[in-house]
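Residue-level listing of the chains:
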Amino acid sequence: MAKDEAKASDFSKGLLKSEELYKYILETSVYPREPEVLKELRNITHNHPQAGMATAPDAGQLMGMLLKLVNARKTIEVGVFTGYSLLLTALTLPEDGKVIAIDVNRDSYEIGLPVIKKVGVEHKIDFRESEALPALDELLNDQKANEGGFDFAFVDADKVNYWNYHERLIRLIKVGGIIVYDNTLWGGSVAEPDSSTPEWRIEVKKATLELNKKLSADQRVQISQAALGDGITICRRLY
Ligand code: SAH
Ligand code: CA
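First, a word on what this report is: a plain description of the structure on this page. (Residues numbered from 1 in each chain as written. Chains lettered and ligands numbered in written order. Predicted model: local features only at pLDDT ≥ 70, side-chain atom pairs only at ≥ 80, totals over all residues. Heavy atoms only, no water.)

Below, the discussion takes up the packing of helix α7 (residues 132-141) against helix α9 (residues 162-172). The interhelical angle for the contact between α7 and α9, taken along N-to-C directions, is 25 degrees, at an axis separation of 10 Å. By the criterion of interaxial angle, the relationship of α7 to α9 is roughly parallel. In the packing of α7 onto α9, the handedness of the crossing is left-handed. Touching A132, L133, L136, D137, L139 and L140 of α7 are N164, Y165, R168, L169, R171 and L172, all from α9. Taken together, the residues of the contact of α7 with α9 break down into 8 nonpolar, 1 polar and 3 charged. (Axes fitted to C-alpha atoms, helices over the stretch in contact; angles between N-to-C directions. Helix = DSSP H or I, 4+ residues; strand = E, 2+ residues; numbered from the N terminus. Parallel < 35°, antiparallel > 145°, perpendicular 65-115°, else oblique. Left-handed = near helix turned anticlockwise from the far one by under 90°. Contact = heavy atoms within 4.5 Å. Nonpolar A, V, L, I, M, F, W, Y, C, P; charged D, E, K, R; others polar.)

Here is the structure:
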């Protein structure tokens, strides 16, 4: 493996028993099936100072499965960064599928854009450079077209606002559709005393604890807390 390529330890959030186990999962089940263009994007992103924000390949693999299970055609992504989860989504959607991709920062999206263009899926992407809340509200303003109009959403930005996103997404996603929240175990800090949590994690930790409690009590959705990546909560809209 080239020196500047990503290693398993670059993606591990420490939720598993050992780094070796994580490496085993990646090497046995994930990397052999990861499309070449996603590998390429992953390696481009590896040199970014905030590379750790990119969706881990094992989490991506689950996302691909969920997209297929709901036959996703119209989806929303909140938090694009260099586009790993976005490219994965665009590759998985049918030819006439659309993903509305929202991020405050277009520059990082442009890092991955050449790869997206090369593989010919740019036409499925509607990138919106915006704060997520107003962008979601704008979708809801056009109620007739958008309420219940989406099959799937992936949320991976601005953790303190997840509940606000949830209140909007629950209306945008159709009954039976799926909303996935990333980083819901926040490095395992949700189950640690604050005294062992680094200062920089505290604010999001509080918001995540609150979110997890609220999602658990939310009768509008079926949930599954998956302990992969940095913790992923899958919500399926029930009514
Ligand atoms: N899903 C991405 C990782 C997203 S990282 C991947 O697979 O690589 C989080 C992203 O959220 C960053 O790109 C950041 O610019 C964006 N972000 C942060 N706050 C935001 C907000 N309030 N609204 C929209 N995007 C935001
Ligand atoms: Ca994430």
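Moving on, we get to the packing of helix α3 (residues 36-46) against helix α5 (residues 84-92). Helix packing for two helices is described by the angle between their axes and how far apart those axes are. The N-to-C vectors of α3 and α5 enclose an angle of 170 degrees; their axes lie 10 Å apart at closest approach. When the interaxial angle is binned, α3 and α5 end up roughly antiparallel. In this structure, α3 uses V37, L38, L41 and R42 to contact α5, whose residues at the interface are Y84, L87, L88 and L91.

The next thing to look at is the sheet that holds strand β5 (residues 173-182). Across the sheet, which stays open at both edges, the 7 strands sit in the order β3-β2-β1-β4-β5-β7-β6 with mixed pairing between neighbours. Each end of this open sheet is capped by a strand with a single partner; those strands are β3 (125-129) and β6 (221-226). Averaged over all pairs of adjacent strands, the angle between their axes in this sheet comes to 15 degrees, without regard to strand direction. Relative to strand β7 (residues 232-237), β6 is paired through 6 bridges, and the arrangement is antiparallel. By the bridge assignment for β7, V221 is matched with R237. Sheet contacts for α5: β1 (74-78), β2 (98-103), β3 and β4 (150-155); angle to β1, the most-contacted strand, approximately 175 degrees. The sheet contacts of helix α10 (residues 199-217) involve β5, β6 and β7, and relative to β6 the element is tilted by about 135 degrees. (Pairing = 2+ DSSP bridges.)

We now examine the site of ligand 1. Taken together, 19 residues lie around ligand 1, and T55, S85, D103, E131 and A132 are the ones closest in. Within the backbone of F81, an N or O atom sits 3.3 Å from an oxygen atom of ligand 1. D156 places a side-chain nitrogen or oxygen 3.0 Å from a nitrogen atom of ligand 1. Expressed as a share of its isolated accessible area of 580 Å², the protein-covered part of ligand 1 is 89%. Class assignment for the residues of the shell around ligand 1 results in 10 nonpolar, 5 polar and 4 charged. (Near = heavy atom within 4 Å. Polar contact = N/O pair within 3.5 Å; in protein donor to acceptor, adjacent residues only side chain to side chain. Areas by Shrake-Rupley, 256 points an atom, 1.4 Å probe, with all protein chains shown as cover.)

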